[in-house]
Amino acid sequence: MVPVLLVLLLALILFGAGFAVKVLWWIALAVLIVWLLGFFMRSTSAGGGRGRWYRW
């Protein structure tokens, strides 16, 4: 009974990790799109230079 429970627990952990990794890929893709939009749509400053839209 214990080996069956261990196999089921391992399968559950691997399924959960796979789902989490897939969600993280979608989040990374959304962040990349937002970053690219901000990079290309940034406004110019008063001195004619391009300003940063983030604070780092």
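Residues numbered from 1 in each chain as written. Predicted model: local features only at pLDDT ≥ 70, side-chain atom pairs only at ≥ 80, totals over all residues. Heavy atoms only, no water.

Caption draft 1: Broad picture of the overall build of the chain. Within the chain, the secondary structure is distributed over 1 helix and 0 strands. Across the 56 residues of the chain, 2% fall into the buried class. A total accessible area of about 5,400 Å² is found for the chain, and carbon and sulfur atoms account for 79% of it. (Helix = DSSP H or I, 4+ residues; strand = E, 2+ residues; numbered from the N terminus. Buried < 20%, exposed > 50% of the residue type's maximum accessible area, 1.4 Å probe, protein only. Areas by Shrake-Rupley, 256 points an atom, 1.4 Å probe, with all protein chains shown as cover.)

Caption draft 2: How the structure looks around a nonpolar patch on the surface. Together, W26, L29, L32, I33, W35, L36, L37, F39, F40 and M41 make up a nonpolar patch on the protein surface, roughly 1,000 Å² of accessible area in all. Overall, M41 belongs to the exposed group, its relative accessible area being 64%. (Patch = residues over 30% accessible without salt bridge, like charges linked within 9 Å, V, L, I, M, F, W, Y side chains within 5 Å. Salt bridge = Lys/Arg side-chain N within 4 Å of Asp/Glu carboxyl O.)

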